[in-house]
Amino acid sequence: MKFSYNWIRELVDGLDCAPGALEKLITMKTAECEGIEVSGALLDRACAALVESVEPIPGGHNVKTVVDAGRYGRKTVVCGAPNCRAGIITAYVPIGKKTIQGVESDGMLASAAELDISRDHTGILELDLQIGAPLPGCFPDSVIEIDNKSITHRPDLWGHLGMAREVAALQGRSLKDPVHVGMLPEGPAPIKIEVENLSLCPRYSALVFENVTVKPSPLWLQTRLTAIGLNPINNVVDMTNYIMAELAQPMHAFDANLLRGGTIYVRPARPGERLRALNEEEYTLDPSNLVIADAGGAIALGGVIGGLDSAISGKTTRVVLESANFLASSVRRTSAVLKLRTDASMRFEKAQDPHNTVRGLARAIELLSELSPGIRLVGGVADRKRELPAAPVIPLPLDFVARKLGREVGRIEVRSILERMGFGVAEADAGIFAVTVPSWRATKDVTIKDDLVEEVGRMVGYDSITPQAPLVPSAAPPRNPERRFQHEVRDLFADLGFTEVYNYSFLSEDAVRAFGSDPAEHIRVTNPIASDQALLRTSLLPGVWKNINENLKHREAFRIFEIGLEIHKRGNSLPEEIPHLLAAIYERQGDGAAGLFEIKRAAECLMPGAQLCPAEARAFEHPARAADVLWKGEKAGRLFELHPSLVETGRAAILDVNLQLAQRLAVGEKKYTPIRRYPSSAFDLSVVAGLRDQAGSLESAIRSFAGPLLESIHFLRQYSGPPLPEGSKSVSFRLTVGSPERTLSSDEVAQVRNQIIEGMRGRGYELRV
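Computed from a predicted structure; not experimentally measured.

Undergrad: Please provide a residue-by-residue account of the sheet that holds strand S32 (residues 681-690), values included.
TA: Hydrogen bonds between backbone groups are what pair the strands of a sheet, and the pairing can be parallel or antiparallel. Strand order in this open sheet of four strands is S33-S34-S32-S35, and the pairing throughout is antiparallel. The outermost strands of the open sheet, each flanked by one partner alone, are strand S33 (710-719) and strand S35 (766-768). For this sheet, the mean angle separating the axes of adjacent strands, direction not counted, is 30°. Two strands pair when backbone bridges link them, and S32 and S35 are joined in this way by three bridges, in the antiparallel orientation. When the sheet's bridge partners are listed, Val688 is paired in S35 with Glu766. Set on the sheet, helix H18 (residues 746-762) makes contact with S32, strand S34 (728-737) and S35; between it and S32 the angle comes to about 10°.

Undergrad: Which residues make up the sheet that holds strand S19 (residues 376-385), and what are the values?
TA: An order of S11-S18-S10-S19 is seen for the four strands of this open sheet, with the pairing classed as antiparallel. In the strand order of this sheet, the two ends are held by strand S11 (251-255) and S19, each with one partner. Direction aside, the axes of adjacent strands within the sheet are offset by 20° on average. Lying on the sheet, helix H8 (residues 356-371) is in contact with strand S10 (203-210), S11, strand S18 (319-325) and S19; it crosses S10 at an angle near 15°.

Undergrad: So what's going on with the environment of Arg524? Residues and values would help.
TA: In this fold, Arg524 is placed in the loop between helix H13 (509-514) and strand S25 (535-536). Classification of Arg524 by relative accessible area gives partly exposed; the value is 46%. Through-space distance from the C-alpha of Arg524 to that of Ala534 is 5.8 Å; in sequence the pair is ten residues apart. Setting aside anything within four residues of it in sequence, one finds Arg524 in contact with Glu509, Pro519, Ala534 and Leu535. A distance of 2.8 Å separates a polar atom in the side chain of Arg524 from a polar atom in the side chain of Glu509.

Undergrad: Could you give me a rundown of the environment of Cys613, with the residues and numbers involved?
TA: Within the element layout of this structure, Cys613 appears in strand S28 (residues 611-614). Along the sequence, Cys613 and Ala277 sit 336 residues apart, while their C-alpha atoms lie 59 Å from each other. Discounting chain neighbours no more than four positions away, the residues touching Cys613 are Ala627, Asp628 and Leu630.

Undergrad: Provide a residue-level description of the pairing of S32, including the pertinent values.
TA: Of the pairings in the sheet, the one linking S32 to S34 comprises ten bridges and is antiparallel in character. What sits directly across from Leu685, in S34, is Phe733.

Undergrad: Summarise the layout of surface pockets; cite the residues concerned and give the values.
TA: Quantified by volume, the largest pocket comes out at close to 1,400 Å³. What lines the largest pocket is a set of 37 residues, among which Phe597, Lys600, Leu612, Ala695 and Gly696 lie closest to the centre. Contributing elements (two or more residues each) for the lining of the largest pocket: helix H15 (593-606), S28, strand S29 (621-631), helix H17 (695-706) and S33. Per-class residue counts for the lining of the largest pocket are 18 nonpolar, nine polar and ten charged. Residue-level mapping places the lining of the largest pocket at the junction of two domains, with at least three residues from each of domain 5 (481-666) and domain 6 (681-768).

Undergrad: With reference to specific residues and values, describe the packing of aromatic side chains.
TA: The tally for this structure, following the rule as stated, stands at 13 aromatic pairs. Plain terms: the ring middles of Tyr72 and Tyr92 are 5.8 Å apart, the flat faces sit at 55° to each other, and that makes the pair tilted. Of the two residues, Tyr72 is situated in the loop between strand S4 (63-68) and strand S5 (74-79) and Tyr92 in strand S6 (residues 89-100); the sequence distance between them amounts to 20 residues. Plain terms: the ring middles of Phe515 and Phe620 are 5.3 Å apart, the flat faces sit at 70° to each other, and that makes the pair edge-to-face.

Definitions and cut-offs
- Residues numbered from 1 in each chain as written.
- Predicted model: local features only at pLDDT ≥ 70, side-chain atom pairs only at ≥ 80, totals over all residues.
- Heavy atoms only, no water.
- Pairing = 2+ DSSP bridges.
- Helix = DSSP H or I, 4+ residues; strand = E, 2+ residues; numbered from the N terminus.
- Axes fitted to C-alpha atoms, helices over the stretch in contact; angles between N-to-C directions.
- Contact = heavy atoms within 4.5 Å.
- Buried < 20%, exposed > 50% of the residue type's maximum accessible area, 1.4 Å probe, protein only.
- Polar contact = N/O pair within 3.5 Å; in protein donor to acceptor, adjacent residues only side chain to side chain.
- 1 Å grid on protein atoms, 1.4 Å probe; cavity = no way out; pocket = protein on both sides within 12 Å on 5 of 7 lines; lining within 4 Å.
- Points joined across faces, edges and corners; volume = space filled by probe spheres on them.
- Nonpolar A, V, L, I, M, F, W, Y, C, P; charged D, E, K, R; others polar.
- Domains from an automatic or database assignment.
- Phe/Tyr/Trp six-rings, centres within 6.5 Å; stacked < 30°, edge-to-face > 60°.

Okay, here's the thing in structure tokens:
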């Protein structure tokens with residue numbers, strides 16, 4: 001949300017606080033500011049200048065002009081704008097001399113975009129001003145940007161008047177209300193309003209104008225809207241945006257000549273009803289969407305966007321001006337379902353003040369008299385509303401304020417603070433104020449006495465409260481074994497060189513199909529935040545796959561992991577959420593074997609003694625590199641290499657572990673094994689096997705023949721090539737044998753070695769000995 005410093009100064013009497021100091025003050029007392037940017041930095045030097053002559057420059061589209069810049073004198077300026085011609089008055093800015101195509105250019109002739117008046121950069125400005133005159137009402141501005149999340153609970157702060165009220169209260173200044181309600185006309189309205197459900201539209205007000213002239217807005221209005229990020233369109237539309245930015249009251253103007261019938265209806269949309277909106281998109285509606293309609297059908301989407309068929313254009317001469325109030329949840333639901341966020345919907349979602357509708361119309365009367373000279377009101381105000389609730393009164397004991405804040409605040413100071421903020425304060429009893437909440441703070445903002453304490457606290461400054469430890473007993477929270485186990489897993493994989501990633505729990509149908517799953521088996525989100533995030537994930541793999549393909553563009557190799565929930569359908573009951581670990585090792589160079597062995601080592605670090613059992617590859621797995629991870633007799637996960645078609649370049653090894661199962665299996669008795677008193681003996685064996693034979697299978701076979709004296713067996717290496725036969729490989733293991741009771745003799749070691757060799761040969765394997 002952007003706020004104009006110049007605008008705030010106009011609304012706060014005598015404000016002399018510099019923009020930087022004001023930004024800090026707002027951050028400390030009201031809402032978090034994200035920075036200040038200058039808009040229209042050249043405006044204080046710009047002036048009207050007459051183009052006296054234009055001469056083409058050979059070899060390009062630029063022209064050499066001589067301009068009369070009034071106070072700056074006569075200047076030679078090189079210009080490339082297509083509308084630069086002799087006799088026009090444009091904007092000149094003295095930015096210094098520069099040689100362009102051999103011509104010395106002194107200053108520039110500026111477009112509206114270069115001056116931050118609007119976004120139009122198609123040509124230089126064409127003005128109707130005295131030579132040398134400054135651009136009226138156009139000044140450099142400091143725009144304060146505020147984090148939207150810090151004002152979601154404050155509907156009044158979505159307009160400059162609300163922020164000015166805050167600043168006035170903070171600075172002890174007077175607030176200038178730009179609205180003169182006395183300008184509202186009396187008498188019967190020329191148009192009827194019918195609201196089907198006043199809960200969805202608590203108030204709908206409208207005025208009718210005739211003799212309207214639609215034209216570009218004056219420069220001051222364009223400059224002000226551009227500074228806060230709004231795009232100038234024409235004087236009527238710009239007026240509605242100006243009031244929205246000033247009073248936080250969205251408005252909409254209809255071309256009265258394009259409306260059918262003399263009644264405006266506010267009703268739920270008919271099933272399948274269609275609306276062509278101002279953004280030139282067509283929407284199919286349902287009864288959950290509130291529409292503004294005439295006798296022929298929907299002409300606007302209530303609180304969100306207007307319709308194109310009744311939009312203001314250069315031919316408009318009569319206008320129906322809408323100023324309404326809509327139920328916040330209804331606007332939010334429609335905006336989310338249609339994926340259509342607008343400046344209007346963002347404000348209505350915060351629950352705006354229904355009293356503000358007629359104030360917006362009063363402000364519009366004043367502005368339109370300046371923007372469209374000769375405009376005339378037709379009749380009085382059309383105003384359909386439900387009974388507006390009385391202003392709530394909240395008892396506020398002063399000792400409650402002191403107890404909550406942790407410091408004393410004087411009675412006079414509390415009263416002054418609340419009254420400066422617009423609250424009504426009466427002393428109901430000794431030490432108790434009866435506080436009346438103003439309408440602009442009564443819509444889900446200030447409802448209880450704790451809210452009033454917050455108002456007092458932020459005004460006196462939380463830094464004025466002496467820090468003190470809470471006088472409450474503290475106790476350690478109950479142990480959470482699942483969280484602790486997952487923290488240990490995180491620490492382990494971080495120590496192994498992996499970087500943790502976080503992904504959304506939402507997937508697109510394309511991502512689901514890429515891994516052979518059926519979207520129908522996934523839980524569908526009712527109101528997805530984006531079209532590609534409509535399904536709840538049943539696997540962490542699609543998210544990590546996306547991480548791999550994004551990171552491989554920038555890195556030769558990396559390791560990542562994610563811990564998150566798989567969400568599975570479970571009949572008519574709540575879904576089943578299973579915590580999983582998914583780790584990946586990517587390498588651009590090599591055949592991928594190193595990555596597989598490394599991620600196997602990571603699995604063994606997490607689950608000591610885990611074994612791999614070759615498994616049939618799924619569609620997204622490498623056909624010859626897929627295995628189940630077995631631990632303590634149960635399938636705890638999966639280890640595989642991604643199918644090459646899913647990775648642009650290089651290889652990616654994947655480990656997927658069910659952490660719920662792993663946590664359960666990790667709990668068990670730990671047995672003490674004494675250090676061996678007698679030395680062990682080790683020897684190496686190399687088995688010649690087929691290229692597709694698994695090292696794990698060979699290891700299991702060797703174990704079966706080794707007998708009880710085998711202490712350990714470790715894979716060393718494998719080799720293929722001469723002098724081995726084609727299609728075969730040599731797999732080498734190191735075996736350690738020993739006894740807890742004695743030192744083995746060389747004959748006993750040789751006996752173990754020979755029985756392994758004989759057993760393996762009996763299975764058809766040759767050994768290199």
